[in-house]
Amino acid sequence: MRRQLFSCILLICILSACSGLPTGQQPATPQATTVQKAPHATPTHKGPKTLRDLADARHIHIGAAVNLDALQHDHDYSRVLSDEFNAVTPETAMKFDALQPQPGDYTFQQADAFVNYAHQHGMVPRGHTLVWYSALPPWLQNGSYSRDQLMYILKDYITKVVTHYKGQINVWDVVNEAVDDDTGQLSDSIWLRGIGPDYIDMAFRWAHEANPQAQLFYNDYGTEWSSKKFDGVYSLLQGLIQRGVPINGVGMQMHMHTQFYPDNATVLQNMQRFADLGLKIDITEMDVLTSETKVDMPTTLKIQADIYGTVVKDCLQIKVCQSIVFWGFTDRYTWVHSDLHRDSDQPLIFDKDYRHKPAYDAIVQALKTP
Ligand code: GLA
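Basis of the calculations
Residues numbered from 1 in each chain as written. Predicted model: local features only at pLDDT ≥ 70, side-chain atom pairs only at ≥ 80, totals over all residues. Heavy atoms only, no water. Disulfide = S-S within 2.5 Å. Buried < 20%, exposed > 50% of the residue type's maximum accessible area, 1.4 Å probe, protein only. Axes fitted to C-alpha atoms, helices over the stretch in contact; angles between N-to-C directions. Helix = DSSP H or I, 4+ residues; strand = E, 2+ residues; numbered from the N terminus. Left-handed = near helix turned anticlockwise from the far one by under 90°. Contact = heavy atoms within 4.5 Å. Nonpolar A, V, L, I, M, F, W, Y, C, P; charged D, E, K, R; others polar. Lys, Arg positive; Asp, Glu negative; His and termini not counted. Salt bridge = Lys/Arg side-chain N within 4 Å of Asp/Glu carboxyl O. Polar contact = N/O pair within 3.5 Å; in protein donor to acceptor, adjacent residues only side chain to side chain.

With that out of the way, let us pick up the state of the cysteines. Every disulfide links exactly two cysteines, by a covalent bond between their sulfur atoms. What the rule picks out here adds up to one disulfide. Cys315 shares a disulfide with Cys321; S-S distance 2.0 Å. Taking the sign of the torsion about the S-S bond as the criterion, the disulfide between Cys315 and Cys321, at about -100°, is left-handed. In this pair, the class of Cys315 matches that of Cys321, namely buried.

Here it is in structure tokens:
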């Protein structure tokens, strides 16, 4: 998600005088206790009802994006991940710069380690992401290529990567974040500039050729708002379907914030409109940032919990939404610290010491709600 999103969301919020997403619940009265002293103050262990148990019982996927470095060096991280989740997405290990750092030189070791971990623990791995404007290696970003050369590079990449994981990865984010926030038109990228708007059709067709069994998704942020962004993504997807492009679903990333979030009626309405196109909907990158909060931390964490719980309930309400993935799971490791440099943010559902936060409990409640 680009940083501009935050200013964009703020603007949308001001323009639409945003109202609360969690309905019927008031923020908790500020309390003297902090999350450190909450009832779940002991490190978590696999109990009778983990998120994973609850998700398995409902035949849905509940997942987290995986930081490979943490997975390989932090035993608690790996244990909690496999106890609590039945699906995983690689944070960076399957991006273009990781898989093809030099022209023609594919390096699958880290991505293979991720897929092996998933399979060893009976988890469903998601392929993320084949075509994006970002995370490109310097040779590609700074190179000068003709349209035919870029088409060759993209086709070769999609074909090699999807084929490499055929039989192991059955769901792919094929195109990521191709729509401009403000205009709803296709946003600038080397692919749009070098190939033209049909790079998106091509990407889906090449992925389908490489693995006709795979579920292919378009993935983006900001589609939970009523906005030019939603309209742009909607008409992009509508066009793909009309042209017979093999697309199965839309990933709604759901990077959200306790200080400004959309009305829940809008979230549900947007999900329904995607569903009415005949697409599956996956929640692919959910987190709820706290660092711009204007209220105390216990209240902030209660608002955060309500947002997480409400989105999970929304997904359960829409039949074609069967996968909810968070962008990480512990505040110990989050892109909000490493990429956005908001060091005090607490966007995830476990705290830095792997203790359940109120958000965790809200998700448990949502998963238990018939
Ligand atoms: C985007 C991308 C993800 C990840 C997140 C946050 O939403 O789709 O791969 O990079 O930003 O870092």
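This paragraph deals with the packing of helix α8 (residues 147-164) against helix α10 (residues 199-210). Running from N to C, α8 and α10 cross one another at 35°; their axes reach a closest spacing of 9 Å. Crossing geometry of α8 relative to α10 is assigned as right-handed. Counting all contacts with α8, which are made through Arg147, Met151, Leu154, Lys155, Ile158, Thr159, Val162 and Thr163, the residues of α10 involved are Met202, Ala203, Trp206, Ala207, Glu209 and Ala210. Of the residues contributing to the contact of α8 with α10, the split by class is nine nonpolar, two polar and three charged.

A separate point is unusual backbone geometry. In this structure, Thr129 follows His128 across a cis peptide bond, with omega equal to 0°. By the element assignment, Thr129 lies in strand β4 (residues 127-131). In this model, His341 sits at a positive phi of 60°, which is unusual for a non-glycine residue. Inspection of the secondary structure assignment puts His341 in the loop between α14 (335-338) and α15 (358-368).

Moving on to the packing of helix α12 (residues 264-276) against helix α13 (residues 297-317). Between two packed helices, both the angle of their axes relative to each other and the distance between the axes serve to describe the pair. Where α12 contacts α13, the axes come no closer than 10 Å and their chain directions differ by 35°. As for the relative orientation of α12 and α13, their crossing is right-handed in sense. Contacts from Asn264, Val267, Leu268 and Met271 of α12 reach α13 at Thr310, Asp314, Cys315 and Gln317. Considering only residue class, the contact of α12 with α13 consists of four nonpolar, three polar and one charged.

Okay, the side chain of Asp74 next. Following the sequence through the fold, Asp74 ends up in the loop between α3 (68-73) and α4 (75-84). No salt bridge is formed by the buried Asp74; the nearest opposite charge belongs to Arg332, separated by 4.1 Å. Polar contacts involving the side chain of Asp74 include one to the side chain of Tyr354, which spans 2.7 Å.

Keep in mind that these numbers describe shape and distance, not what the molecule does.
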